[in-house]
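# A structural walkthrough
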Amino acid sequence: MVLEFLDRMKNIVTYDADREFYAKVFPDSVPRKDLMRLRRMRTADLPQVLAIENANYKFPWCQEVFEDCLRVNYSCWVCEESDKVLGFSIVSIAVGEAHILNINVDPAEQGQGIGRMMLENLIAVARSKDAETVFLEVRPSNSVAIALYESMGFNEIGLRKGYYPAEHGREDALMLALELV
Ligand SMILES: CC(C)(COP(=O)(O)OP(=O)(O)OC[C@H]1O[C@@H](n2cnc3c(N)ncnc32)[C@H](O)[C@@H]1OP(=O)(O)O)[C@@H](O)C(=O)NCCC(=O)NCCS
């Protein structure tokens, strides 16, 4: 179990600098996905993170919220390729419960498997910290995200009335959960 997890994390965090060299010299020699890596988010990433957040949401988080997530040591990740942040994800984990707080891919980079890769990473992190359940909220109108979550085994467990701000009033949130044990 532990070895399997370490192996998965190794695949996620291992980054072969030679690949970047070959990609520059022989652009067709390295699949683009091999140049993407997941790593912990840093304060210096926030301008790029905020640009993605603002591009995707009408009611985005402000910089202070991201700073708080980093300060309280939530598990904050970016997916990057050659110093460009392509997406980010944040999960808080405590007393057996993991809550996915944000998962977000640059609109120009969506539909290439980055969201799935980041979600798999958050689930692996939650498992490594002995979380028993992963929770998240999603707008019922967000069919792309719902398709991703359901394909990873999340199930609908309830509705939070008026959870999200919307252009006219508030929008409900679907609550989804994934059992890890
Ligand atoms: C939701 C989001 C994170 C998914 O990331 P992504 O990198 O675009 O998705 P992936 O390429 O990894 O695709 C994962 C799955 O999502 C679904 N999906 C992706 N693009 C889709 C599209 N255009 N239409 C329908 N389903 C789609 C599919 O089920 C896909 O699985 P498949 O490739 O096996 O068919 C991303 O679209 C995003 O950042 N959206 C804006 C922010 C957001 O809504 N975040 C979630 C808030 S709860």
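What this report covers is the structure whose coordinates are included nearby. Residue numbers restart at each chain and count upward from 1, following the sequence in its written direction. The model is predicted, so local features are restricted to residues of pLDDT at least 70 and side-chain atom pairs to those at 80 or more, both for listing and for counting; the totals for chains, interfaces and linings are taken over all residues.

## Section: the environment of Glu179
Strands here mean DSSP runs of E at least two residues long; helices mean DSSP runs of H or I at least four residues long; both are numbered from the N terminus. Mapped onto the secondary structure, Glu179 falls in strand β7 (residues 170–179). Taking the C-alpha atoms as reference points, Glu179 and Glu132, 47 residues apart in sequence, are found 6.1 Å from one another.

## Regarding the sheet that holds strand β3 (residues 84–94)
If DSSP finds at least two bridges between two strands, the strands pair. Sheet architecture is open: 7 strands sit in the order β1-β2-β3-β4-β5-β7-β6, paired in mixed fashion. Edge positions in the sheet fall to β1 (36–40) and β6 (155–165), since each has one partner strand and no second. Shown here is a sheet whose adjacent strand axes are inclined to one another by a mean of 25°, direction ignored. Of the strand pairs in this sheet, β3 and strand β4 (residues 97–105) are connected by 8 bridges, and their pairing is antiparallel. Looking across to β4, one finds that Gly87 is bridged to Val105. A residue pair is marked as a contact if its C-beta atoms, positioned from the backbone, fall within 7 Å. To define axes, lines are fitted to C-alpha atoms, for helices over the stretch in contact only, and angles between the resulting N-to-C directions are given on a 0 to 180 degree scale. Helix-sheet contacts for helix α3 (residues 46–56) involve β2 (75–81), β3 and β4, and the interaxial angle to β3 is about 90°. Strand contacts of helix α5 (residues 114–128): β1, β2, β3, β4, β5 (133–138) and β7, with the helix running at about 30° to β3, the strand carrying the most contacts.

## Here we look at the environment of Pro165
For Pro165, the position within the fold is in strand β6. Pro165 sits 107 residues away from Lys58 along the chain, and the two C-alpha atoms are 9.1 Å apart. Not counting residues up to four positions away in its chain, the partners in contact with Pro165 are Phe59 and Arg170.

## A few points about the pairing of β3
Across 7 bridges, β2 lies against β3 in antiparallel orientation. Pairing of Glu81 across the sheet is with Lys84, part of β3. Remark: 2 residues form the turn of the hairpin made by β2 and β3, two consecutive strands paired antiparallel; Ser82 in that turn has positive phi of roughly 45°. Once β3 ends, the chain turns through 2 residues before running back antiparallel as β4, passing Val95 with a positive phi of about 35°.

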